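What the coordinates show
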2 protein chains.
Amino acid sequence: MDNPVTRTDSGWRLPAIPNLHSHAFQRAMAGMAERRTDPADSFWTWRETMYRFAERMTPDTMRAVAAQLYVEMLEAGYGSVCEFQYVHHQPDGRPYDDPAEMSLALVEAARDTGIRMTLLPVLYMSGGFDGRPLTDRQARFGHDVDGYLRLLERLRALEDNQLRVGACFHSLRAVPEEAMRLTLQALPADLPVHIHIAEQTAEVEDSLAVRGTRPVQWLYDTFDVDARWALVHATHLTAEETGRIAASGATVVLCPTTEANLGDGLFPLQAYLEAGGRWGIGSDSHISVSPVEELRWLEYGQRLIARRRNIAVGHSESVGETLLHGALEGGVHVTGFSAQETLQTDWIELDPQAPVLVGATADDVVDRWVFSGNQPVVETVCVDGETLVSAGRHRNREAVFSDYRQAINDLTR
Amino acid sequence: MDNPVTRTDSGWRLPAIPNLHSHAFQRAMAGMAERRTDPADSFWTWRETMYRFAERMTPDTMRAVAAQLYVEMLEAGYGSVCEFQYVHHQPDGRPYDDPAEMSLALVEAARDTGIRMTLLPVLYMSGGFDGRPLTDRQARFGHDVDGYLRLLERLRALEDNQLRVGACFHSLRAVPEEAMRLTLQALPADLPVHIHIAEQTAEVEDSLAVRGTRPVQWLYDTFDVDARWALVHATHLTAEETGRIAASGATVVLCPTTEANLGDGLFPLQAYLEAGGRWGIGSDSHISVSPVEELRWLEYGQRLIARRRNIAVGHSESVGETLLHGALEGGVHVTGFSAQETLQTDWIELDPQAPVLVGATADDVVDRWVFSGNQPVVETVCVDGETLVSAGRHRNREAVFSDYRQAINDLTR
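Residues numbered from 1 in each chain as written. Chains lettered and ligands numbered in written order. Predicted model: local features only at pLDDT ≥ 70, side-chain atom pairs only at ≥ 80, totals over all residues. Heavy atoms only, no water.

Quick notes on the overall build of chain A
The following threshold applies: The helix and strand labels rest on DSSP assignments: H or I over at least four residues marks a helix, E over at least two residues marks a strand, and numbering proceeds from the N terminus. Just to be clear, the radius of gyration here is over C-alpha atoms, and the globule rule we use is 2.2 Å times residues to the power 0.38. Relative accessibility decides the category of a residue: with a 1.4 Å probe and only protein chains considered, values under 20% of the type maximum give buried, values over 50% give exposed, and everything between is partly exposed. Any two residues whose heavy atoms approach within 4.5 Å at even a single point are treated as in contact. In this description, accessible areas are obtained by the Shrake-Rupley approach with a 1.4 Å probe, and a residue is regarded as covered only by the protein chains that are shown. Only four residue types enter the charge count: Lys and Arg as positive, Asp and Glu as negative, with His and the chain ends excluded. Charge coordinates come from a single atom per side chain, which is NZ of Lys, CZ of Arg, CG of Asp or CD of Glu.
Of the regular secondary structure elements, chain A holds 14 helices and 15 strands. Against the globule reference of 22 Å for 413 residues, chain A gives a C-alpha radius of gyration of 20 Å, in line with a compact fold. Taken along its principal axes, the extent of the C-alpha atoms in chain A is 60 × 50 × 45 Å. When each of the 413 residues of chain A is scored for burial, the buried share is 65%. Summarising the internal contacts of chain A: among those between residues at least 6 apart in sequence, 75% fall at separations of at least 24. For chain A, the accessible area works out to roughly 13600 Å², and carbon and sulfur atoms hold 46% of it. A gap of 4 Å separates the mean positions of the 37 positive and 59 negative side-chain charges of chain A.

The following block contains the structure:
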């Protein structure tokens, strides 16, 4: 891909950014787990807050929270979202009358707001590598393989030019080997497959203890991982694992603001880029909804460790262009949409009169946007031929916000 | 200070944030040094870009760039700025007819926009610890001690309720010991003193090589460093240095977005907080103009290294409140303004209808703002009794931007 930015009469036009990882409902708790509840506070205490919100979600609040989030995504420059959806059942664990009801709430939110969606219903079966059963707090998440395949089939029947469906394993902790194998065997060979992997050192340690091998190593030793796979986080890698992912054509999905918020650690970006690896970004827990914050802090994390500047180069000498290129290209392989459908059709325009873009040229406008843009500068967003955002505002902004406010009242009262 | 946030009829009110470190002219180059020009790219190549912009600045462009920056600061929630001003002379190094001309351009920008200013004219004498003379590219920065004291005296005569003047040493590299001593002896004992220190490992290594001791260690061994001192960056510290700063009552000025952009490294925040140290924030190179981006990435940098969450606690269990408390209290000691003048008088209000603040309570509104606020949520800003920002927009926004656009044309043509 050459420089994807062109100057039109109205602004700087570039492809909309694919958001490759989202748990929509978590937007409702953004900023609410930033206090120390015990001295060894960690990812696992954050997870307790998340479980509390997951327990309270209804199809209605799920739809309202997701629609508000998707409005914010579109206004920030994302054009599509991969929704990693694991809250399936009623709070006591029984399926809804329609077992797809929670997933359908997300589809409805996408249709109301016009964002492209790759829906990834999640297979979640056990509470750890040792195969322990789900806890009460995980009751809404569980499926057996047959139930999961029926859900997937039901949702795949809804696919249209703005909706694709992919398969999704929550993590190696949550899906036994045999269940992964049966699921993959039952699916068409071109379906995207997403999985959380190697996000926390505890997961790596558990994998070593139970399976005698690291998560990414085990995955590549056990399955034929190819370009339809999205490995979410993949934070803790050996050099060998880094090379295997790059060689396989899989996409690593990096979520820098969430990974920083959760204290996960830093992905070996430089080695991975040097090996030619594919990657993209996701806003994950939505502690921030901004592709530029994801991209610049992906780079900044690397700078702070390396104590050097300008780490992510390769596509060009410009770090902004190299980061944008990665974020755009990675999505093509794991969203189920073609490059024609997304990179050629969905676009955003940046306001050339935004202070940070005054005097910009085609050579530096991406660097300026990614590195100095902390006020909104996305003026227009067009997805699948529809203009969804004009003058920086989504066309349904007020109605969506009104529903969101009601949903937050319901969730927090 | 108790919880500084109150709910008024119109929003969440809290003190305006002091911005303790600014080189205003660098805003004009934000995002323009994010490309690799040589394989060992580092701070020192960024500095070349900065020198190119410093060479081109005139009093007019300085005023216009600073005014635009101050509008953006106010709209983002800052109420005051410490301006670390080192571009003093004409491009060939000769003083202007009025040697204070460049500093006066900054004062004018502050008065045009209403931001409180602590003007810190910088003493800059040599190009390294070995006392080498300034290069041609540094010709605009230099003074001898007498000339510097005259400049300081001239500017101090302008002080009023929105302007204070402090002393400022560029760095230990740039000011010999004897010049520091003479300057300090000539000054009133209550004047703030700011200095860049220990930002880069190269500075620590040079100090060890020439003086046999580390920069902070040397400063504390040589001068009586007290609560009027602002140590900017102080990134690379031993445990002993961390303890000495905390015990002295000096304020460490942290600039997380700039320190990340420059690949400086990470300040030992947790140890410093545990020792009771004072600190505040600055936007420095203005690669970002957002107090919430500074505060959350100060915390996130620590999380990424420690692989734990919620590091900055102490003032309360809430990380947001602890960070806000630090950012507000540190400024009181090094801006030359009293707490009455700033924390009691200057305030901002956050929009309670911003999506990220819907359902907020006094207990979580600061966490939500600091951690999930990436759209502007500052509705009103009032400094010294004047309402400068209403409905999120500065009252002179259009006129200031028009001048800025002209200045950028002049600087980049």
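Topic: the state of the cysteines
Stated precisely, the cut-off is as follows: Any two cysteine sulfur atoms lying within 2.5 Å of each other are counted as a disulfide.
Enumeration over the complete set of coordinates arrives at 0 disulfides over all chains. Cysteine 382 of chain A takes part in no disulfide bond, and the closest cysteine sulfur to it belongs to cysteine 82 of chain A, at a distance of 20 Å. Assessed through its relative accessible area of 5%, cysteine 382 of chain A is described here as buried. The closest cysteine sulfur to the non-disulfide-bonded cysteine 82 of chain B is located on cysteine 168 of chain B, 9.5 Å from its own sulfur.

Focus on the relation of the copies chain B and chain A
Heads up, the rule is: What sets the superposition is a least-squares fit of C-alpha atoms, and only residues with pLDDT of at least 70 in both copies go into it.
Laying chain B over chain A is done by rotating through 180° and shifting 0.0 Å along the axis; what remains is an RMSD of 0.0 Å. Viewed as a symmetry operation, the transformation between the two copies matches a two-fold axis. When you check the interface residues of chain B against chain A, 100% turn up at the interface there too, and the contact is symmetric in its surfaces.

A word on the sheet that holds strand β1 (residues 6-7) of chain A
Residues and elements named next belong to chain A. How we decide: In this analysis, strands are considered paired if DSSP registers two or more bridges between them.
Ordered by their spatial adjacency, 6 strands build an open sheet running β1-β2-β12-β13-β14-β15, and the pairing between neighbours is antiparallel. The sheet terminates laterally at β1 and β15 (393-394), the two strands that pair on one side only. One ladder, built from 2 bridges, connects β1 with strand β2 (residues 12-15); its direction is antiparallel. If you follow threonine 6 over to β2, its bridge partner there is arginine 13.

With respect to the pairing of strand β14 (residues 386-390) of chain B
All names here are of chain B. Relative to β14, strand β13 (residues 378-383) runs antiparallel, the two being bridged by 3 bridges. In the sheet register, cysteine 382 faces β14, and the bridge partner there is threonine 387. What sits between the antiparallel neighbours β13 and β14 is a turn of 2 residues, in which aspartate 384 has the positive phi angle 50°. Relative to strand β15 (residues 393-394), β14 runs antiparallel, the two sharing 2 bridges. Note on β15: the bridge partner recorded for valine 389 is histidine 394.

What about the sheet that holds strand β8 (residues 193-197) of chain B?
Residue and element names in this part refer to chain B. To be explicit about the condition: Fitting a line to C-alpha atoms yields each axis, with helices limited to the stretch in contact; the angle taken between N-to-C directions then spans 0 to 180 degrees.
Pairing is parallel in the open sheet, where 5 strands are placed in the order β7-β8-β9-β10-β11. A single partner strand is all that each edge strand has here, and the edge strands are β7 (167-171) and β11 (278-281). Recorded for the sheet is a direction-independent mean angle of 25° between the axes of neighbouring strands. Pairing of strand β10 (residues 251-254) with β11, which is carried by 4 bridges, proceeds in the parallel orientation. Bridge assignment links valine 252 to a residue of β11, and that residue is tryptophan 279.

Re the confidence of the model for chain A
Predicted coordinates in areas of low pLDDT are best not read in detail. Quick reminder of the rule: Confidence scores here are pLDDT values: one per residue, from the predictor, ranging 0 to 100.
Mean pLDDT over chain A works out to 95, with 99% of the residues at or above the 70 mark. Here the complex is predicted with pTM 0.97, and the ipTM for its interfaces comes to 0.96.

Here's the deal with the nonpolar core
Formally: Residues belong to one nonpolar core when they are buried, are Ala, Val, Leu, Ile, Met, Phe, Trp, Tyr or Cys, and are joined through side-chain atoms within 4.5 Å.
Ranked by size, the top nonpolar core spans 286 residues in total, and within it Tyr70 and Trp229 of chain A together with Tyr70 and Trp229 of chain B carry the most contacts. Other than its neighbours up to four places away in sequence, tyrosine 70 of chain A contacts Ala24, Val81, Glu83, Leu106, Ala109, Ala110, Thr113, Ile115 and Met117 of chain A.

Quick word on the interface of chain B and chain A
Put simply, the rule is: The rule for a salt bridge is simple: a side-chain nitrogen of Lys or Arg has to be within 4 Å of a carboxyl oxygen of Asp or Glu. Side-chain atoms alone can form a polar contact between residues adjacent in sequence; in general such a contact is a pair of N or O atoms within 3.5 Å, and within protein one must be able to donate a hydrogen while the other accepts it.
Taken residue by residue, the interface counts 68 residues in chain B and 68 residues in chain A. Run the count over chain B and chain A and you get 8 salt bridges. In this structure, the salt-bridge partner of glutamate 34 of chain A is arginine 303 of chain B, at a minimum N-O distance of 2.9 Å. At the boundary of chain B with chain A, the tally comes to 31 residue pairs in polar contact (both at pLDDT 80 or more). Elements represented by at least two residues in the side of chain B that touches chain A include exactly α1 (43-56), α2 (59-76), α9 (256-261), α11 (291-306), α12 (319-332), α13 (365-372) and α14 (397-412) of chain B. With 7 residues, α11 of chain B is the largest single contributor of residues to the side of chain B that touches chain A.

Quick notes on unusual backbone geometry
Positive phi values are uncommon outside glycine, yet aspartate 384 of chain A reaches one of about 55°. Its place among the elements puts aspartate 384 of chain A in the loop between β13 (378-383) and β14 (386-390). Look at aspartate 384 of chain A and you get partly exposed, because its relative accessible area is 25%. With a phi angle near 45°, alanine 234 of chain B is a residue other than glycine that sits in the positive phi range. Note that alanine 234 of chain B resides in the loop between β9 (229-233) and α8 (239-248). The class of alanine 234 of chain B is buried, set by a relative accessible area of 0%.

Focus on the packing of aromatic side chains
Stated precisely, the cut-off is as follows: Only Phe, Tyr and Trp rings are paired, with Trp represented by its six-membered ring, and only when their centres lie within 6.5 Å; those with planes under 30 degrees apart are stacked, over 60 edge-to-face, the remainder tilted. Geometrically, a charge over a ring is one whose NZ (Lys) or CZ (Arg) sits within 6 Å of the ring centre while staying within 35 degrees of the ring normal.
The full count for this structure, using the stated rule, is 21 aromatic pairs over all chains. A centroid spacing of 4.9 Å and a plane angle of 85° characterise the contact between tyrosine 86 of chain B and phenylalanine 141 of chain B, whose relative ring orientation is edge-to-face. Of this pair, tyrosine 86 of chain B sits in the loop between β4 (78-85) and α3 (101-113) while phenylalanine 141 of chain B is found in the loop between β5 (116-121) and α4 (145-156), placing the two residues 55 residues apart along the sequence. Pair check on accessibility: tyrosine 86 of chain B and phenylalanine 141 of chain B agree, each one buried. Here the aromatic rings of phenylalanine 267 of chain B and tyrosine 272 of chain B are separated by 5.1 Å at their centres, their planes lie at 80°, and the arrangement is edge-to-face. A network of ring pairs unites the aromatic residues Trp297, Tyr300 and Phe371 of chain A together with Trp297, Tyr300 and Phe371 of chain B as a single cluster. Lying over the aromatic face of tryptophan 218 of chain A, arginine 211 of chain A brings its terminal NZ or CZ to 3.9 Å of the ring centre. Sitting over the ring of tryptophan 12 of chain B, arginine 7 of chain B keeps its end group 5.3 Å from the ring centre.

Here's the deal with the packing of α4 of chain B against helix α5 (residues 177-186) of chain B
Residues and elements named next belong to chain B. Rules: Here the angle decides the label: under 35 degrees means roughly parallel, over 145 means roughly antiparallel, 65 to 115 means roughly perpendicular, and every other value means oblique. In this scheme, a crossing is called left-handed if the near helix is turned counterclockwise away from the far one by less than a right angle; it is called right-handed if the turn is clockwise.
Running from N to C, α4 and α5 cross one another at 30°; their axes reach a closest spacing of 10 Å. By the angle between their directions, the pair α4 and α5 is classed as roughly parallel. The element α4 and its partner α5 pack so that their crossing is right-handed. Contacts between α4 and α5 involve Val145, Tyr148 and Leu149 from the first element and Ala179, Leu182, Thr183 and Ala186 from the second.

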